[in-house]
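Inside the fold
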Protein chains: 2
Amino acid sequence: MSDALAPVLSRIDSDLEGALERLFELLRIPSISTDPANKDDCLRAANLLVSHLASLGAEAELCPTPGHPMVMGKIGSGSPHLLFYGHYDVQPVDPLALWDHDPFEPFIGEQNGEKVIRARGASDDKGQLMTFVEACRAWINEHGELPCTITFFFEGEEESGSPSLIPFMEANREKLAADIALICDTSMVSPGVPSIASQLRGMLKEEFTLKGPAMDLHSGHYGGPALNPLREISKLVASFYDEDGRVTIDGFYDGVHEVAPEQLAQWENCGFDETEYLENAGLSVAHGEKAYSTLEQQWSRPTLEINGLWGGYQGPGTKTVIPAEAHCKITCRLVGDQDPDVLRKALRAHVEARLPVDATVEWDLDLEGNPAAVMNIARPEFEAARQALSDEWNREAVFAGMGGSIPIAGYFTTILGLDSMLIGFADDDDRIHSPNEKYGLNNFHKGIRSWARILDALSKA
Amino acid sequence: MSDALAPVLSRIDSDLEGALERLFELLRIPSISTDPANKDDCLRAANLLVSHLASLGAEAELCPTPGHPMVMGKIGSGSPHLLFYGHYDVQPVDPLALWDHDPFEPFIGEQNGEKVIRARGASDDKGQLMTFVEACRAWINEHGELPCTITFFFEGEEESGSPSLIPFMEANREKLAADIALICDTSMVSPGVPSIASQLRGMLKEEFTLKGPAMDLHSGHYGGPALNPLREISKLVASFYDEDGRVTIDGFYDGVHEVAPEQLAQWENCGFDETEYLENAGLSVAHGEKAYSTLEQQWSRPTLEINGLWGGYQGPGTKTVIPAEAHCKITCRLVGDQDPDVLRKALRAHVEARLPVDATVEWDLDLEGNPAAVMNIARPEFEAARQALSDEWNREAVFAGMGGSIPIAGYFTTILGLDSMLIGFADDDDRIHSPNEKYGLNNFHKGIRSWARILDALSKA
């Protein structure tokens, strides 16, 4: 530990109440990016972050986009120059009835004897984003300046496909220039085991409407002869998988590589508790491809998941209707060299080849996909950060695969030529994207301390 | 034509405006029986019918039930004693956005050059019910009394499973005693071809929730290992059918009989226009069991239809969720001697045998099913009514199969020992249960005239 670091850590400990107050103010804003009704809320969240960066002494600015604004700010001098990314938008909260409390009225609760921060966005990603901001605040308050240069880059469309991200980055290459990017939007491989991402899954999003009869039909007059879109969409969804849990779409596994034995061995010893992971979700076994371990299913295997499926009557009682159409929302998690554009074509071809007579399909999304990302863990910053994390958590930090998709890491590489280091402090049971999201108070506290240690370590690396 | 009939028919013609006004008043009441929010509307519709029967001179009464009330009234003397059944409740109107007008603000519109009555319930069943009431009104206004005895019996729960019907009928056997029952809730086999039902399909209703993970999960953290209820419910639905459109549930076809060749020959010449029937629904081919004709698929073959299917995120944009549960609403149309109780058990066993580990199923309905009904067309009243219909429509009336389910016909037999004669004037393109329901103005007018002729014919039979 350097002489500079110790007082920063003490200050973080003594100012934890203040850090929580600032986080709660951000959590109270329902910045749901996917719902147009919350557009003003997203703007409020962005403006609050601008004021935070300004209070650190940064040149901070709100950068408009066709969607929700970006927030940028630069502070400090000297080497290295770090680009820090986080997102201030959150997932929708439905079904609201399943929340035990108002999702946007944060409070400190308890879970399994541990204190937790409860609110939508507590873990994904407002709480994580603020761990870094608060580490910088403590350092500046203690020393008057940072030990290196930092560019902050906050997005408000991460939960809705980041439509403005690529054009913005392409138009602002110089402003975003740095030596390496830091991203705080991931979880730890197991509670208390600090983790740096070694690979991330990519993402392909699709949505389609299957149309059958010209109108809703009465199942007495037409039941039998009528095409039923609910039956047909079920057959389509079922056709995506074989009995071993593999996806049957032609070419789906092109570019998927087996994990090297040495990597697998490392994963087996990374502290991942399979039983706890499954139990947290109310599961007793892993339901993915039978030929692969739970960790491989989550980190190194691609998926095709149905996120929404609907059609016909959903109200109380019975309605003897054969509906005119049915709907399906899909996301694929991609790995290795799977090409999202090729897969999109293959998925659409699979569906279109199986349409019965009188049925048509409409593809309702036209979003960019993003391929998987493999991190450059040979860079010295990775080992320096790993050491800093190990010191803070008193436990060997690990390079771990990640099941989620953080498209920004790929864009940093392709657009800015930047490597990314993804370090996050979420737990797998944080219920991100679900009712009753939480973030461990200890994760928040030690997260701030971790970033202070990493700033210290990278400044000397 | 008897001397008594001609002036009644003239009076019907001259009072058509008045009959429409009385129908429109009933159509303006949103008596949706399945939705608790419309309970008072159902009561209003029932009270309006009580006042109509009283205005005919009937002893009319509102009969409370645990659900929506029954309406009863008796009028006339002498033989025969006819029991007339109709229902004053209507189907829900969603999706409301697909209506071209307010479903409960009736008006005379036009379709294919013909005048039509537009409103929810215009065809099913308020318009049909009122054809009989108006025939009686014309007869009484002309002659001061009816040529026979009539007991009116109107229900308000037909579109929501008729939960009060059986207990009410069992408790009121004497009040409901008659020689034969008349039911006006069916359609004509083809436009302009008057039809008397020779058989009706029965009905079984089921709804289930498939539960998987303990909560909604994030498809990054859990995609792969997690059980996805949307995938599993799709596989279940797909498993209900084989490639030839047959239902695969064990024993599903027990009690289903092939139609006799002479009956099939009659159906082939009954005026059913297959192309028009399919085109009305935007279809080019029949999609039911491949081994059977379109008419057999509709009239004499059982079905298992999905009426509603839903789970996960249905809002705008994407949500990378693996939902905790999925839902499915099912109705089966039954024929021959299929036993609804046996089939319910077989359906549930089929689903439960296919549940993957970690999945559970909850059955959300517990309604009585009703078997199919075969009419006693050898009774002389059937031929008398057929002659009367042929005279009115200037076209040979037919004994036709029917795809729909009118459970009341079965209950009249089992509880009251009554045969039923089902005569209706709906067209297949009336969009009953769909947006923009209509009833041909000519069907309404000639429907009233048809009942006057039938009253005349049965009184002399």
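Parameters and conventions
- Residues numbered from 1 in each chain as written.
- Chains lettered and ligands numbered in written order.
- Predicted model: local features only at pLDDT ≥ 70, side-chain atom pairs only at ≥ 80, totals over all residues.
- Heavy atoms only, no water.
- Contact = heavy atoms within 4.5 Å.
- Buried area = accessible area lost by both parts, 1.4 Å probe.
- Salt bridge = Lys/Arg side-chain N within 4 Å of Asp/Glu carboxyl O.
- Polar contact = N/O pair within 3.5 Å; in protein donor to acceptor, adjacent residues only side chain to side chain.
- Helix = DSSP H or I, 4+ residues; strand = E, 2+ residues; numbered from the N terminus.
- Buried < 20%, exposed > 50% of the residue type's maximum accessible area, 1.4 Å probe, protein only.
- Least-squares fit on C-alpha atoms with pLDDT ≥ 70 in both.
- Axes fitted to C-alpha atoms, helices over the stretch in contact; angles between N-to-C directions.
- Parallel < 35°, antiparallel > 145°, perpendicular 65-115°, else oblique.
- Left-handed = near helix turned anticlockwise from the far one by under 90°.
- Nonpolar A, V, L, I, M, F, W, Y, C, P; charged D, E, K, R; others polar.
- Pairing = 2+ DSSP bridges.
- Core = buried A, V, L, I, M, F, W, Y, C linked by side-chain atoms within 4.5 Å.
- Lys, Arg positive; Asp, Glu negative; His and termini not counted.
- Phe/Tyr/Trp six-rings, centres within 6.5 Å; stacked < 30°, edge-to-face > 60°.
- Lys NZ or Arg CZ within 6 Å of the ring centre and 35° of its normal.
- Domains from an automatic or database assignment.
- UniProt positions renumbered as here; feature names shortened; annotations may be inferred.
- Patch = residues over 30% accessible without salt bridge, like charges linked within 9 Å, V, L, I, M, F, W, Y side chains within 5 Å.
- Areas by Shrake-Rupley, 256 points an atom, 1.4 Å probe, with all protein chains shown as cover.
- Charge placed at Lys NZ, Arg CZ, Asp CG, Glu CD.

This paragraph deals with the interface of chain B and chain A. Contacts between the two partners involve 86 residues from chain B and, on the opposite side, 85 residues from chain A. When the two sides are added together, the surface that chain B and chain A hide from each other amounts to roughly 7500 Å², 52% of it contributed by carbon and sulfur. On the chain B side of the contact with chain A, B:His221, B:Pro225 and B:Arg231 bury the most area, a combined 10% of that side's loss. In this structure, the connection of chain B to chain A is made through zero salt bridges. Between chain B and chain A we count 52 residue pairs in polar contact (both at pLDDT 80 or more) in total.

On to the environment of B:Pro64. Residues and elements named next belong to chain B. Turning to its location among the elements, Pro-64 is positioned in the loop between strand 1 (59–63) and strand 2 (70–75). On the basis of relative accessibility, which here comes to 72%, the residue Pro-64 falls in the exposed class. It is 9.7 Å that separates the C-alpha atoms of Pro-64 and Leu-43, two residues lying 21 residues apart in sequence.

Once turned by 180° and shifted 0.1 Å along the axis, chain B lies on chain A with an RMSD of 0.1 Å. When the rotation and shift are considered jointly, the pair of chain copies conforms to a two-fold rotation axis. Counting the interface residues of chain B, we find that 99% of their copies in chain A are interface residues as well, pointing to one common contact surface.

Turning our eyes to something else, we now look at the packing of helix 1 (residues 5–14) of chain A against helix 13 (residues 441–460) of chain A. Residue and element names in this part refer to chain A. Here helix 1 crosses helix 13 at 160°, and the two axes come no closer than 10 Å. Taken together, the axis directions place helix 1 and helix 13 in an arrangement best described as roughly antiparallel. The handedness of the crossing between helix 1 and helix 13 is right-handed. Here Leu-5, Val-8, Leu-9, Ile-12 and Asp-13 of helix 1 lie close against helix 13, whose contacting residues are His-445, Ile-448, Arg-449, Ala-452, Arg-453 and Asp-456. Each residue belonging to the contact of helix 1 with helix 13 can be placed in one class, and the counts come to six nonpolar, one polar and four charged.

Take the pairing of strand 3 (residues 81–87) of chain B next. Residues and elements named next belong to chain B. Of all seven residues that make up strand 3, seven are buried, and the element is covered over most of its length. With burial as the criterion, each face of strand 3 is covered, one bearing His-81, Leu-83, Tyr-85 and His-87 and the other bearing Leu-82, Phe-84 and Gly-86. Here strand 3 runs beside strand 6 (residues 149–155); their pairing, made up of seven bridges, is parallel. Residue pairing in the sheet places His-81 in a bridge with Thr-149 of strand 6.

Before going further, it helps to spend a moment on the nonpolar core. Among the nonpolar cores identified, the biggest contains 100 residues, and A:Leu304 and B:Leu304 are the most heavily contacted of them. When sequence neighbours within four positions are dropped, the list of residues in contact with B:Leu304 reads A:Arg231, B:Phe240, B:Tyr241, B:Val247, B:Ile249, B:Phe252, B:Ile330, B:Thr331, B:Cys332 and B:Leu347.

The strands that make up a sheet are held in pairs by hydrogen bonds between backbone atoms, and each pair lies either parallel or antiparallel. Residue and element names in this part refer to chain B. The strand order 15-8-16 describes an open sheet built from three strands, whose pairing is mixed. Only two strands of the sheet have a single neighbouring strand rather than two, namely strand 15 (373–374) and strand 16 (398–401). Bridge count for strand 8 (residues 195–200) against strand 16 is four bridges, and the pairing is parallel. Looking across to strand 16, one finds that Ile-196 is bridged to Phe-399. Helix-sheet contacts for helix 11 (residues 380–393) involve strand 8 and strand 16, and the interaxial angle to strand 8 is about 140°.

Further remarks concern unusual backbone geometry. Residue and element names in this part refer to chain B. Omega for the peptide link from Ser-79 to Pro-80 comes to -5°, which places this bond in the cis form. In this structure, Pro-80 sits in the loop between strand 2 and strand 3. Asp-94 connects to Pro-95 through a cis peptide bond whose omega is 0°. One non-glycine residue, Arg-431, lies in the positive phi region at around 55°. Mapping Arg-431 onto the fold places it in the loop between strand 17 (420–422) and strand 18 (438–440).

Below, the discussion takes up the side chain of B:Arg231. Its location among the elements puts B:Arg231 in helix 6 (residues 229–239). Among buried Asp, Glu, Lys and Arg side chains, B:Arg231 stands out as unpaired, with A:Glu305 the closest opposite charge at 4.3 Å. Residue contacts for B:Arg231: discarding those within four places in its chain leaves A:Val237, A:Tyr241, A:Gly245, A:Leu304 and A:Glu305.

With that settled, the discussion passes to the packing of aromatic side chains. The final tally for this structure, using the stated rule, is 39 aromatic pairs over all chains. Relative to A:Phe412, the ring of A:Tyr85 has its centre 6.3 Å away and its plane inclined at 85°; by these criteria the two rings are edge-to-face. Here A:Phe412 lies in helix 12 (residues 407–416) and A:Tyr85 lies in strand 3 (residues 81–87), a separation of 327 residues in the sequence. The residues A:Tyr85 and A:Phe412 share a single accessibility class, namely buried. Arranged with centres 6.1 Å apart and planes meeting at 90°, the rings of B:Phe425 and B:Trp451 form a pair that is edge-to-face. Here B:Phe425, found in the loop between strand 17 and strand 18, pairs with B:Trp451, found in helix 13 (residues 441–460); they are 26 residues apart in sequence, far enough to count as distant. Looking at B:Trp451, the relative accessible area reads 0%, which means it is buried. Through a chain of ring-to-ring contacts, the aromatic side chains of A:Phe84, A:Phe132, A:Phe152, A:Phe154, A:Trp393, A:Phe425 and A:Trp451 assemble into a single cluster. Geometry around A:Trp393 places A:Lys446 over its ring, the cationic atom sitting 5.5 Å from the centre.

Residues and elements named next belong to chain A. When cut into domains, chain A gives domain 1 (5–200 + 372–460) and domain 2 (202–256 + 302–363). Placing the centre of domain 1 and that of domain 2 at their C-alpha centroids yields a distance of 36 Å. Each partner contributes to the interface: domain 1 provides seven residues, whereas domain 2 provides seven residues. Interface of domain 1 and domain 2: buried area, both sides summed, is about 450 Å²; carbon and sulfur atoms make up 45% of it. A per-residue breakdown of the area domain 1 buries against domain 2 is headed by Gly-161, Ala-372 and Ser-405, which together make up 76% of the total. The interface formed by domain 1 and domain 2 includes zero salt bridges. Where domain 1 packs against domain 2, one counts zero residue pairs in polar contact (both at pLDDT 80 or more). Of the residues in the side of domain 1 that touches domain 2, the class split is two nonpolar, five polar and no charged.

Bringing the side chain of A:Ser31 into the picture now. Here A:Ser31 is to be found in the loop between helix 2 (16–27) and helix 3 (39–55). In contact with A:Ser31, not counting residues within four places along its chain, are A:Asp41, A:Cys42, A:Ala45, A:Tyr88, A:Asp89, A:Val90 and A:Lys126.

If you walk through the whole model with that rule in mind, you get 57 salt bridges over all chains. B:Arg344 is the salt-bridge partner of B:Glu206, the closest N and O atoms lying 3.1 Å from each other. Remark: B:Arg344 occurs in helix 10 (residues 340–353) and B:Glu206 occurs in strand 9 (residues 202–211); sequence separation between them is 138 residues. B:Arg344 carries the same exposure label as B:Glu206, and that label is buried. The salt bridge partner of B:Lys211 is B:Glu362, with a shortest N-O separation of 3.4 Å. Linking B:Lys211 in strand 9 with B:Glu362 in strand 14 (residues 360–363), this pair joins segments that are 151 residues apart in sequence. Bridged by salt links that share partners, the residues A:Asp13, A:Glu392, A:Lys446, A:Arg449 and A:Arg453 form one connected network.

In this section: the UniProt feature "domain: Peptidase M20 dimerisation" (unreviewed entry) in chain A. In the numbering adopted here, UniProt assigns the feature "domain: Peptidase M20 dimerisation" (unreviewed entry) to residues 212–357 of chain A. As a span, residues 212–357 of chain A carries 32% helix and 16% strand, and end to end its C-alpha atoms are 9 Å apart.

Moving on, we come to a negative patch on the surface. Residues and elements named next belong to chain A. On the surface, a cluster of negative charge is contributed by Asp-273, Glu-274, Glu-276 and Glu-279. Position of Glu-274 among the secondary structure elements: in helix 8 (residues 274–280). For Glu-274, a relative accessible area of 39% translates into the label partly exposed.

Glancing now at the pairing of strand 7 (residues 180–183) of chain A. All names here are of chain A. Residue alternation in strand 7 divides its side chains into two sets, Ile-180 and Leu-182 and Ala-181 and Ile-183, and both sets are buried. By the bridge criterion, four bridges tie strand 3 to strand 7 in an arrangement that is parallel. Each bridged residue has a counterpart across the sheet, and for Leu-82 the counterpart in strand 7 is Ile-180. In the sheet, strand 7 pairs with strand 17 (residues 420–422) via three bridges, with the strands oriented parallel. Counted as the bridge partner of Ile-183 is Leu-422 from strand 17.

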